[in-house]
Amino acid sequence: MIVSLKADANPAEVLRALVSRGLWVSQVERNASGEPRHYVIASYSAATSAEELATIEGISSVTTSKVEHPRVTAQGPVVDVAGVSVGAGAPAFMVGPCSVESEAHIREIAERLAPLGVAFLRGGAYKPRTSPYAFQGHGEVALGWLRRAAEATKMKVVTEALSEADVPAVAELADLVQVGSRNMQNYALLKAVGRTGRPVLLKRGMSATMDEWLHSGEYLLAGGSRGVIFCERGIRSFDDATRNLLDLGAVALLAHVHKLPVIVDPSHGAGRRDLIVPLGRAALAAGAAGLMIETHADPASALSDGPQAIPLGEITAVMRELRGSGARSAGALSPNGGAS
Ligand code: PEP
Ligand code: MN
């Protein structure tokens, strides 16, 4: 149940009135877009009717909804990211290195990608790594490198906020804030990212159900995010033949049943570069609104995820294949396996 307050309402008094009826209430303030609206979400109670709540002083409307994630359900299939519509037709490509390694490194990649019509430059400044001894990302300085490379080439930036502490810097420099798989259910982070108002790329947790994923999207929208784009990047399975199990059923479900924008990341999904073209094509056929792909000028020396990076020298061919105009067979890329 969503209770919207009048502009001149006293939120504390409304809260008291709701609590006195035995309702569990949480108050969410929309602050990013500057709207002076408050929402109070109360638990559903058979004893309390929407009509009765609507008579409380200060309440403008009461919406009852049977769905548990009403804002996600209401969002629709298109999210605007700094003037680029994701989900509106042509696939959105989000391409770049796993980690931003230096200013020259990201600049070279951006200059190669921009002429290919890649709208989003991706790259991690803060890296979630399994081992604490692995490269952790260059942090805030890398955000600046990424932003400058994107501005010079007229691309948009998508990069991950790994912790609440990173959120202000990431939100300032990113057009699309990424929440990574390991953080999909970090609710404090979701709330902090939501408060920035930025659109979000919400990667699926590696063991997350569809319902948990949608609820995490709801956290973001309830907190103030202007839009949520879901990103399927593979889930855990019993089989380690590929790094993860890319769940294209979930993609079709999100795109065709829930009518939400979903991006597919075959790089983390497969963990090997030679599967990116076939999986990327399959993802687009399943309804994906775009693809996230890792690339590197010299994958063998990459500081993270080299085995799944498309060599920069092959990215033009890969993009041609994914756009459906190439005739090369799927196995023609330099083979590689494993993942870091
Ligand atoms: C990434 O995109 O760089 C990343 C770490 O992805 P994931 O959270 O899906 O593992
Ligand atoms: Mn990676």
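Procedures and definitions
- Residues numbered from 1 in each chain as written.
- Chains lettered and ligands numbered in written order.
- Predicted model: local features only at pLDDT ≥ 70, side-chain atom pairs only at ≥ 80, totals over all residues.
- Heavy atoms only, no water.
- Helix = DSSP H or I, 4+ residues; strand = E, 2+ residues; numbered from the N terminus.
- Buried < 20%, exposed > 50% of the residue type's maximum accessible area, 1.4 Å probe, protein only.
- Contact = heavy atoms within 4.5 Å.
- Areas by Shrake-Rupley, 256 points an atom, 1.4 Å probe, with all protein chains shown as cover.
- Pairing = 2+ DSSP bridges.
- Right-handed = clockwise from strand over helix to strand, strands pointing away.
- pLDDT = per-residue confidence, 0-100.
- Near = heavy atom within 4 Å.
- Polar contact = N/O pair within 3.5 Å; in protein donor to acceptor, adjacent residues only side chain to side chain.
- 1 Å grid on protein atoms, 1.4 Å probe; cavity = no way out; pocket = protein on both sides within 12 Å on 5 of 7 lines; lining within 4 Å.
- Sits in = over half its atoms within 2 Å of the grid points.
- Nonpolar A, V, L, I, M, F, W, Y, C, P; charged D, E, K, R; others polar.
- Points joined across faces, edges and corners; volume = space filled by probe spheres on them.
- Phe/Tyr/Trp six-rings, centres within 6.5 Å; stacked < 30°, edge-to-face > 60°.
- Axes fitted to C-alpha atoms, helices over the stretch in contact; angles between N-to-C directions.
- Parallel < 35°, antiparallel > 145°, perpendicular 65-115°, else oblique.
- Left-handed = near helix turned anticlockwise from the far one by under 90°.

Section: the overall build of the chain
When its secondary structure is counted, the chain shows 12 helices and 15 strands. Here the chain, with 340 residues, has 52% of them falling under the buried criterion. Considering only residue pairs separated by 6 or more positions, the chain has 68% of its internal contacts joining residues 24 or more positions apart. For the chain, the accessible area works out to roughly 14300 Å², and carbon and sulfur atoms hold 53% of it.

A look at the pairing of strand 9 (residues 156-160)
Most of strand 9 is tucked away, with 4 of its 5 residues classed as buried. Pairing between strand 8 (residues 120-122) and strand 9: 3 bridges, direction parallel. The partner of Leu 121 across the bridge, within strand 9, is Val 157. For the crossover that starts at strand 9, traverses helix 6 (residues 167-173) and ends in the parallel strand 10 (residues 176-179), the hand is right-handed.

Some remarks on the confidence of the model for the chain
Of all residues in the chain, 89% attain a pLDDT of 70 or more, and the chain-wide mean is 90. Here residues 325-332 is a poorly scored stretch, pLDDT under 50, and it has 12 contacts once near neighbours within four places are set aside; other chains count.

Notes on the site of ligand 1
Surveying the vicinity of ligand 1 reveals the residues Arg 122, Lys 127, Pro 128, Glu 160, Gln 178, Gly 180, Ser 181, Arg 182, Lys 203, Arg 233, His 268 and Glu 294. With respect to ligand 1, the side chain of Arg 182 contributes an N or O atom lying 2.9 Å from an oxygen atom. The separation between an oxygen atom of ligand 1 and a polar side-chain atom of Lys 203 is 2.8 Å. Notes on ligand 1: free accessible area 290 Å², of which the protein chains cover 96%. Comparing atom positions with the cavity grids shows ligand 1 to sit within the second largest pocket. The residue makeup of the shell around ligand 1, split by class, is 1 nonpolar, 4 polar and 7 charged.

Brief notes about empty space enclosed by the protein
Inspection of every chain in the model, using the stated rule, returns 1 cavity of 30 Å³ or more. Put simply, the largest cavity is a space of about 40 Å³. In terms of lining, the largest cavity is formed by Arg 122, Gly 123, Gly 124, Lys 127, Val 158, Thr 159, Glu 160 and Gln 178. Looking at the lining of the largest cavity element by element, the count peaks at 3 residues for strand 9.

Points about the packing of aromatic side chains
This structure, assessed with the given rule, holds 2 aromatic pairs. Taken together, a centroid distance of 5.5 Å and an interplanar angle of 85° make the contact between Trp 213 and Phe 230 edge-to-face. Here Trp 213 is found in helix 8 (residues 210-223), whereas its partner Phe 230 is found in strand 12 (residues 228-232), with 17 residues between them in sequence. Judged on exposure class, the residue Trp 213 and its partner Phe 230 are both buried.

So, the pairing of strand 11 (residues 200-203)
Here strand 11 shows a buried face lined by Val 200 and Leu 202 and a second buried face lined by Leu 201 and Lys 203. Two elements, strand 10 and strand 11, share 3 bridges in a ladder whose sense is parallel. Bridging across to strand 11, Val 177 finds its partner in Val 200. In the classification by handedness, the crossover that spans strand 10, the intervening helix 7 (residues 187-196) and the parallel strand 11 is right-handed. Relative to strand 12, strand 11 is paired through 4 bridges, and the arrangement is parallel. What sits directly across from Leu 201, in strand 12, is Ile 229. The parallel pair strand 11 and strand 12 is bridged by helix 8, and the resulting crossover is right-handed.

Regarding the environment of Ala 286
Along the chain, the position of Ala 286 falls in helix 11 (residues 276-286). We classify Ala 286 as buried; its relative accessible area is 14%.

Comments concerning the layout of surface pockets
Of the volumes computed, that of the second largest pocket is approximately 240 Å³. Across the lining of the second largest pocket, the residue classes tally to 3 nonpolar, 8 polar and 10 charged.

Brief notes about the packing of helix 11 against helix 12 (residues 315-322)
Across the interface, helix 11 lies against helix 12 with an axial gap of 9 Å and an inter-helix angle of 30°. Comparing the axis directions of helix 11 and helix 12 gives the class roughly parallel. Helix 11 and helix 12 meet at a crossing whose hand is right-handed. In contact with Ile 276, Val 277, Gly 280, Arg 281 and Leu 284 of helix 11, helix 12 contributes Val 318, Glu 321 and Leu 322.

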